[in-house]
Amino acid sequence: MAPFAYRLLSPEGLISVEDYRRAAARRVPRFVWEYVEGGADDLVTVRRNREAFSQWSLRARMMTGHADRRLGTTIGNVGIDLPMLLAPTGALGLSNWQGDLAAACAAEATGTRLVLSTASSWSIEEVAAGTHHDHFFQLYPGGSHTGRLMQRAWRAGYRGLFVTVDVPVIGNREGERRRGFVRTSTLQTRVITITPREALDMARHPRWLFEIYRHGRGSMRNLVPSAGISATFDSIKTLHREL
């Protein structure tokens, strides 16, 4: 039996998804983490989504003779090597100032694409200029600027549109409200109430605070004032004609 090899190094700290989740939670103030991980009301939909995903598994097929394994597929006439997309997430810059641009680059590096949120911290044009491939765009329909957002996305090279139709009203996100982080009646405006508790919490995250003020990526660069109001099949057809 070979002898043990001793090294003066710390064991790996980030191994599982849960390790990364805990590390991420420590890097941002609590109100940001409530936004990232929370949901509306009693979190019923959050729990049901997790339970639904937990029912999926990879089915192993032995002795089938497929030595050359390929995961590639096509979504919206775009060929990708990894059969999944990065879902749209608003205000990514609150978590890390590189936000949407970093997510798009990471998606490219793994052979897939990002679906850029309407509420992104980097604009449609900035993400397009900072990446090598065309990505997808997520749209909240409704409002006078909807057509202009679609045209901007098309001119910037986005060839797939994901339309969000399940936000007729803003969800009651209790965790954020308890931390003073609330939205107004539109998706565009967010207000943070700086209580002594929240000020202390932000002071405990100096790197996050410095990057937010230095880079200014806490805002939602594409969001229109009246987004996310209504959507019907007729309105979607109208949006398509506007291109």
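Described below are features of the structure shown in this document. (Residues numbered from 1 in each chain as written. Predicted model: local features only at pLDDT ≥ 70, side-chain atom pairs only at ≥ 80, totals over all residues. Heavy atoms only, no water.)

### Concerning helix α4 (residues 99-109)
Among all positions in α4, only G99, D100, L101, A103, A104, A107 and E108 are buried. Each element contacted by the buried residues of α4 is listed here: β3 (115-116) and α5 (124-129). One or two positions beyond α4, positive phi appears at G111, with a value near 90 degrees. (Buried < 20%, exposed > 50% of the residue type's maximum accessible area, 1.4 Å probe, protein only. Helix = DSSP H or I, 4+ residues; strand = E, 2+ residues; numbered from the N terminus. Contact = heavy atoms within 4.5 Å.)

### What about the pattern of salt bridges?
A complete count under the given rule lists 13 salt bridges for this structure. The shortest N-O distance in the salt bridge between E18 and R21 comes to 2.9 Å. Here the residue E18 and the residue R21 both occupy positions in helix α1 (residues 17-27), the gap between them amounting to three residues, near one helical turn. On the basis of relative accessibility, which here comes to 33%, the residue E18 falls in the partly exposed class. For E174, the salt bridge identified is with R178, shortest N-O distance 3.5 Å. Placement of both E174 and R178 in helix α7 (residues 174-178) is noted, with a separation of four residues, approximately one turn of the helix. What makes E174 partly exposed here is its relative accessible area of 23%. When salt bridges with common partners are traced through the structure, they connect E18, D19, R21, R22 and E37 into a single cluster. (Salt bridge = Lys/Arg side-chain N within 4 Å of Asp/Glu carboxyl O.)

### Focus on the pairing of strand β5 (residues 160-163)
Sheet topology note: the strand β4 (residues 136-139)/β5 ladder contains four bridges and is parallel. The partner of F136 across the bridge, within β5, is G160. Regarding the hand of the β-α-β motif, the stretch spanning β4, helix α6 (residues 146-155) and β5 is right-handed. (Pairing = 2+ DSSP bridges. Right-handed = clockwise from strand over helix to strand, strands pointing away.)

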